[in-house]
Amino acid sequence: MSMGEKSPFIIAGPCSAESREQVLSTALALEKIPEVHLFRSGIWKPRTRPGSFEGIGPIGLPWLKEVKEKTRLKTCTEVARASHVEEVLKYDVDVLWIGARTTANPFSVQEICDALKGVDIPVMVKNPTNPDLALWLGAIERLEMVGIKNVSAIFRGFSTYETDSRFRNKPIWRIPVELKRRRQELPLICDPSHISGNRKLVSELCQKAVNLNFDGLMMEVHPTPEQAWSDAAQQITPESLSEIVNNLTYSKEHIKNVQFDNEIEKWRNSIDIIDKEILDALAARMKIVEKIGLEKKRIGITALQLQRLDQMLKERVYQAKEMGLSEDLAHDIYNLIHETSVKKQIEIMNH
Ligand code: PEP
Ligand code: MN
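Fair warning: this is a prediction, and the values are worked out from it, not measured in the lab.

## Structural notes on the side chain of Thr71
Turning to its location among the elements, Thr71 is positioned in the loop between α2 (61-70) and β3 (74-78). For Thr71, a relative accessible area of 10% puts it in the buried group. Here Val67 takes part through its backbone oxygen, which lies 2.7 Å from a polar atom of the side chain of Thr71. At 3.0 Å, the side chain of Thr71 forms a polar contact with the backbone nitrogen of Leu73.

In structure tokens, the structure reads:
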């Protein structure tokens, strides 16, 4: 059930376990927030570059066990190799997650999966650092293939080299939305902490995730965020988490209104008809492209003519603007259509 319909399922806790006191005090504060069900804490930290804090290691595992004994919270942590899986199972960790850097590596994912054969434990899979839906799905499928029944996905944004990005990891929302479209039964959790890299942006990202019907949120929480040993800029206090959760507003997507439903149904039918017309037009266009391809082959000229592309794009963008449509939309659509056409012609010419 999505957050649009009920209060969110929240996973919260520090980026890294630092000390027994830090772990326990965070957990004791978080258990007072009813929406928080699962306590997170990194034990092994995959750092992009060496030299920063790489996690407290297995001495932190008894602290997680203590969280379970002293609070109502269940625990989760990141595993990146088979030996991590073996260690965490000794301390009754309830849920595991595979980190973004690990998801990007099928060898590592498979190693974890092999260690999980015959183990009944929920696993959450963070998206890979690069925007690659297939890689994300692949890791999920590997877990399913070794019999993990309870798999969910965490969206934490993608690495970017853009210097003007507001976010540490760029949230290309259509990728998790597409994952959810393909695998509707899979719970989808948003990690606003790693997307933002900045605690000031966490609240707006939580609201965005609610609006997009994510099923839960994972947030990094620390008693004194500025002093955290890792990801200090993005962690929030338990008090801020409580405030963020209380201020979330829920969409009315699921409110029943028969008249509204009927009206929408009519519009959707019209859209379906128009979309079919668009597809028919694309098919007709492609037929002509094929004819041109044959002709180009006969005369012996190249499939791609940059001048034609340039002229066509300018014209379509202008036409779209005149019609009150977005110039970006026209530009992107026609670039794609043209690229597909050129591919088709190259196919014809090599035949
Ligand atoms: C984390 O959750 O602390 C973490 C390392 O996240 P990611 O794998 O998304 O970078
Ligand atoms: Mn972190």
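## Considering the packing of helix α5 (residues 106-116) against helix α6 (residues 133-145)
For any two helices packed against each other, one specifies the crossing angle of their axes together with the interaxial distance. Two elements in contact, α5 and α6, have axes whose closest approach is 9 Å; the angle formed by their N-to-C orientations is 20°. Considering the angle they form, α5 stands roughly parallel to α6. Relative to α6, the crossing made by α5 is right-handed. Residues Pro106, Val109, Gln110, Cys113 and Leu116 of α5 pack against Leu135, Ala139, Arg142 and Leu143 of α6. Class assignment of the residues belonging to the contact of α5 with α6 gives a composition of seven nonpolar, one polar and one charged.

## Description of a nonpolar patch on the surface
The grouping of Ile274, Ile278, Leu279 and Leu282 at the surface amounts to a nonpolar patch, some 360 Å² of accessible area in total. Inspection of the secondary structure assignment puts Ile278 in helix α11 (residues 258-299). Given a relative accessible area of 45%, Ile278 falls into the partly exposed group.

## A short note on the coordination of the manganese ion (ligand 2)
Bound to the manganese ion (ligand 2) are the protein donor atoms Cys15 (SG), His194 (NE2), Glu220 (OE) and Asp231 (OD), situated 2.1 to 2.4 Å from the metal. Counting the intervening residues between successive donors of the manganese ion (ligand 2) yields the motif C-x178-H-x25-E-x10-D. Within this pair, whereas Cys15 is found in the loop between β1 (9-13) and α1 (20-30), its partner His194 is found in helix α8 (residues 192-196), the two being separated by 179 residues in sequence. Both residues of the pair, Cys15 and His194, belong to the buried class.

## What about the environment of Tyr250?
Mapped onto the elements, Tyr250 comes out in the loop between α10 (238-247) and α11. When the C-alpha positions of Tyr250 and Ser7 are compared, they lie 8.7 Å apart, and in sequence the two are 243 residues distant.

## Regarding the site of ligand 1
Around ligand 1, a shell composed of Cys15, Arg40, Lys45, Glu78, Trp97, Gly99, Ala100, Arg101, Lys126, Arg156, His194 and Glu220 is seen. Take Lys45: an N or O atom from its side chain is 2.7 Å from an oxygen atom of ligand 1. Here an oxygen atom of ligand 1 and a backbone polar atom of Ala100 are 2.8 Å apart. Contact with the protein chains hides 97% of the accessible area of ligand 1, taken as 300 Å² for the molecule alone. Looking at side-chain class alone, the shell around ligand 1 contains three nonpolar, two polar and seven charged residues.

## Considering the packing of α6 against helix α7 (residues 174-182)
Closest axis-to-axis distance for the α6/α7 pair is 10 Å, and the angle between their directions is 45°. It follows that α6 is oblique to α7 by the angle criterion. The way α6 lies across α7 gives a crossing that is right-handed. Contact with α6, carried on its side by Leu133, Trp136, Leu137 and Ile140, involves Ile175, Pro176, Glu178, Leu179 and Arg182 of α7 and no other residues of that element. Tallied by class, the residues present in the contact of α6 with α7 amount to seven nonpolar, no polar and two charged.

## Let's talk about the packing of aromatic side chains
Inspection of the entire model under this criterion finds five aromatic pairs. Here the aromatic rings of Phe53 and Trp229 are separated by 5.1 Å at their centres, their planes lie at 90°, and the arrangement is edge-to-face. In this pair, Phe53 is assigned in the loop between β2 (36-40) and α2 and Trp229 in the loop between β8 (216-220) and α10, connecting sequence segments 176 residues apart. On the accessibility criterion, Trp229 (44% relative accessible area) is partly exposed. Joined through ring pairs, the aromatic side chains of Trp136, Phe155, Phe158, Trp173 and Phe214 make up one cluster. For the cation-ring pair, Arg316 lies above Tyr334, with the distance from its terminal atom to the ring centre recorded as 5.5 Å.

Parameters and conventions
- Residues numbered from 1 in each chain as written.
- Chains lettered and ligands numbered in written order.
- Predicted model: local features only at pLDDT ≥ 70, side-chain atom pairs only at ≥ 80, totals over all residues.
- Heavy atoms only, no water.
- Helix = DSSP H or I, 4+ residues; strand = E, 2+ residues; numbered from the N terminus.
- Buried < 20%, exposed > 50% of the residue type's maximum accessible area, 1.4 Å probe, protein only.
- Polar contact = N/O pair within 3.5 Å; in protein donor to acceptor, adjacent residues only side chain to side chain.
- Axes fitted to C-alpha atoms, helices over the stretch in contact; angles between N-to-C directions.
- Parallel < 35°, antiparallel > 145°, perpendicular 65-115°, else oblique.
- Left-handed = near helix turned anticlockwise from the far one by under 90°.
- Contact = heavy atoms within 4.5 Å.
- Nonpolar A, V, L, I, M, F, W, Y, C, P; charged D, E, K, R; others polar.
- Patch = residues over 30% accessible without salt bridge, like charges linked within 9 Å, V, L, I, M, F, W, Y side chains within 5 Å.
- Areas by Shrake-Rupley, 256 points an atom, 1.4 Å probe, with all protein chains shown as cover.
- Salt bridge = Lys/Arg side-chain N within 4 Å of Asp/Glu carboxyl O.
- Donors = N, O, S within 2.8 Å, 3.2 Å for Na, K, Ca; no water.
- Near = heavy atom within 4 Å.
- Phe/Tyr/Trp six-rings, centres within 6.5 Å; stacked < 30°, edge-to-face > 60°.
- Lys NZ or Arg CZ within 6 Å of the ring centre and 35° of its normal.

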